[in-house]
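Structural overview for review
In case you want the letters, here they are:
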Amino acid sequence: MDRKVAIIGAGISGLLACKYTLSKGFHPIVFESQSTVGGVWTNTVETTKLQTPKPVYQFSDFPWPESVSEDFPDGQKVFDYVNGYAEHFDLVKHIKFNTKVVGIEFEGPNDEEIQAWSLWGCNGEPFGSKGKWKVVVEDLATLSTEIYNVDFVIVCVGRFSGLPNIPEFPPKKGPEAFDGKVIHSMEYAAMDHKQAAEFVKGKRVIVVGFQKSALDIAVECSAANGKEDPCTVLYRTAHWNVPDYLPWGFSLAHMYLSRFSELMVHKPGEGLLLSLLATILTPLRYAYSKFVESDIKKKLRLEKHGMVPTHSFLKEISSCLISTVPEKFYDKVENGEIKLKKAPSFSFCNNGVLVEGETSPIEADLVILATGFKGEKKLKHIFMSQTFQDYITGSPDAALPLYRFKSLLVRDILVSCCSSLIQFGFGSTKLDKFRECIQPRIPQLAVIGFSESISNIFTSEMRCRWVAELLDGTFKLPSIKDMEKNIKEWDEYLKQYSGGYYRRKCIGALHIWYNDQLCKDMAWKPRRKKGFFAELFEPYGPMDYVSN
């Protein structure tokens, strides 16, 4: 079989795509702009640890080495594990490092003809006879350009790297008005650990943001400067960041990653019985959320610090916003090494940052913007066709348009000027994809890695296996009309449980239901446990899908 498959990116999703397309006899060519595999794990701050317990965050056919004993290994150990996977399956020889994809173009029918198709790719096949993809790449060492013609493209560029989100400010109210230095968290993470510590030493630092990278950087700044120069964290919204995965001694995985837990929520395409059960179990769903919230409030003393979120834990986990709090973070807040400051909007002045509604600035020497990445823009501009750019990003008020895998685009920082101030927080465009992989109106292409979950390694592997089976002819996609109907159903589910965060696109509370759809497509057995009670109450993880 002489089918060439271009894979853009050699992070976790790219490596999985390479491995599973190889297993089906295809010829993958992986383009990676960096000099190594690993994606987001290539550059992490020193204190960064795995956010998901190790048993859930692993490849199904490549367990963690016994030498890694902790449940939440640090960034270096995660990178070594991912690199070990690439070496074990001999994937590196298929990767072209330091090679940037400048653009891709489908050479075949024009946009009008494609738009008229009722089946994906005209005939519903992954390798249509209508055209091929032209992939234009640049060698970053020589700056030379080369063109590859391939039969299929798998885009695995990821959302958390590459193109930082830098908020926009009104004239004379942005970083140009500040006498100090302003950097993005990506620049900080790119420094080696010793260099980063020296960089913040003796400086009054403001970190903007309240997700994982912001908290990790704040802890490192406090370690370098202590109470003498406390680090200020500007945040817009408090979140249910967890101290551990054992609320009141119970396993969070049992509470949210079992079939029983999924009975409590309405699901896309559910029947009357499941809908009735989800309605009846509403009080239990509410009790679960309150149970976890009470544990977090007690362990982290959130009420004392004025950090109790206004939204529920269910919304947090349904939107994939859940993350772990660095060890002793709130101890450092109590000791005065870290200061928390709620700031829906702010502007710069010569000696620091001015928060909306206040007259005195927070003085600073350095501002670190942990304000996310423009993942959807990076994805969008891979396409040379404006029509495909519009298809892949979808409408601004919904999620990424991909069949049955509605891609979960990480939300861009919502930037809206308010008089002379700037609002900061999360916003996003949607990616409408069937099964979170296929945009119904873009032929011979899949996107993997934009859809979030509690364990992205687990989710990406299932999707790559599904795409490999699709390429191998195991099943065919439904009509474009049916795929778009399915996308809409998932969108309604996301709106219901994610609330104001739904554009983020996350299958966080529906792992098993989602994987059931993939298994049915691939003619796999959806139920993977032994025994009724195990099937109902035990959490699902990667090892449940070792074989088909």
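The numbers attached to residues start from 1 for each chain and follow its sequence in the written order. Under the rules for a predicted model, residues below a pLDDT of 70 receive no local features and side-chain atom pairs below 80 are neither given nor counted, while totals for whole chains, interfaces and linings still include all residues. Values shown for side chains rest on all heavy atoms present in the structure; no hydrogens or waters enter the calculation.

Per an unreviewed UniProt entry, the protein goes by Flavin-containing monooxygenase and derives from Gossypium davidsonii. In its Sequence similarities (unreviewed entry) section, the UniProt entry covering the protein states "Belongs to the FMO family." The UniProt entry for the protein carries this comment under Cofactor (unreviewed entry): "FAD". UniProt positions are given in the numbering used here, feature names are shortened, and annotations may be inferred rather than shown by experiment.

What follows concerns the sheet that holds strand E4 (residues 99-107). Pairing between strands is defined by DSSP: at least two bridges between them are needed. Secondary structure elements are taken from DSSP: a helix is a run of H or I of four residues or more, a strand is a run of E of two residues or more, and numbering for both begins at the N terminus. With respect to topology, three strands assemble into an open sheet ordered E4-E5-E6, the strand pairing being antiparallel. Among the strands making up the open sheet, the edge pair consists of E4 and strand E6 (145-150). Pairwise comparison of adjacent strand axes, ignoring direction, gives a mean angle of 25° for this sheet. In this structure, E4 lies alongside strand E5 (residues 132-139), joined through eight bridges in antiparallel fashion. Bridge pairing in E5 places glutamate 107 opposite lysine 132. Geometry is summarised by axes, namely lines fitted to C-alpha atoms with helices restricted to the contacting stretch, and by angles between N-to-C directions that run from 0 to 180 degrees.

With that settled, the discussion passes to the layout of surface pockets. To find leftover empty space, a probe the size of one water molecule is rolled over the atoms. Using a 1 Å grid laid over the protein atoms alone, points where a 1.4 Å probe fits but cannot get out form a cavity; open sets with protein on both sides within 12 Å along at least 5 of 7 lines form a pocket; any residue with an atom within 4 Å of a point counts as lining. Grid points are joined across faces, edges and corners, and a volume is the space filled by probe spheres set on the points. Estimated volume of the second largest pocket: approximately 430 Å³. Contributing to the lining of the second largest pocket are 20 residues, with Pro243, Val325, Pro326, Glu327 and Lys328 lying nearest its centre. As a working rule, the residues Ala, Val, Leu, Ile, Met, Phe, Trp, Tyr, Cys and Pro are called nonpolar, Asp, Glu, Lys and Arg charged, and the rest polar, with Gly in that last group. Here the lining of the second largest pocket is built from residues that sort into nine nonpolar, two polar and nine charged. Note that the domain bounds were set by an automatic or database domain assignment. When residues of the lining of the second largest pocket are sorted by domain, at least three fall in each of domain 1 (4-161 + 374-398 + 427-477) and domain 2 (175-369).

This next bit is on empty space enclosed by the protein. According to the stated counting rule, one finds two cavities of 30 Å³ or more in the structure shown. Of the voids in this model, the largest cavity is the one considered here, and its volume is about 60 Å³. Residue lining of the largest cavity: Tyr256, Ser261, Met264, Val265, Arg285, Tyr288, Leu314 and Ala509, and that is the complete set. Across the lining of the largest cavity, the residue classes break down as six nonpolar, one polar and one charged. Estimated volume of the second largest cavity: approximately 30 Å³. Residue lining of the second largest cavity: Ser60, Phe458, Glu461, Met462, Arg465, Pro542 and Tyr545, and that is the complete set. In terms of residue class, the lining of the second largest cavity is built from four nonpolar, one polar and two charged.

Okay, the pairing of strand E10 (residues 231-235) next. Taking burial as the measure, the five residues of E10 include five buried ones, the bulk of the element. The pairing of strand E9 (residues 205-208) with E10 spans three bridges and is classified as parallel. Across the sheet, residue valine 208 finds its bridge partner in E10, namely leucine 234. If you view a crossover with the strands going away from you and the path from the first strand over the helix to the second runs clockwise, you call it right-handed. On the question of chirality, the crossover connecting E9 to the parallel E10 by way of helix H6 (residues 212-225) is right-handed. Note: E10 against strand E11 (residues 338-342), five bridges, orientation parallel. Paired with threonine 232 across the strands is lysine 339, a residue of E11. Only protein chains enter the calculation, and the probe is 1.4 Å; a residue is then buried if its accessible area is under 20% of its type maximum, exposed if over 50%, and partly exposed in between.

Here we come to the nonpolar core. Ile104, Trp133, Val135, Val153, Phe313, Phe329 and Trp466 are the most contacted members of the largest nonpolar core, which has 147 residues in total. Looking at which element gives the most residues to this core, the answer is helix H16 (residues 456-471), with nine residues. Residue-level mapping places this core at the junction of two domains, with at least three residues from each of domain 1 (4-161 + 374-398 + 427-477) and domain 2 (175-369). We call two residues in contact when some of their heavy atoms are within 4.5 Å. For phenylalanine 313, the contacting residues outside a window of four places in its chain are Trp240, Val242, Leu252, Tyr256, Ser289, Val292, Glu293, Ile296 and Ile322. Working definition of a nonpolar core: buried Ala, Val, Leu, Ile, Met, Phe, Trp, Tyr and Cys residues. They are joined through side-chain atoms within 4.5 Å. With 14 residues, the next largest nonpolar core counts Leu234, Val355, Ala364 and Leu369 among its residues.

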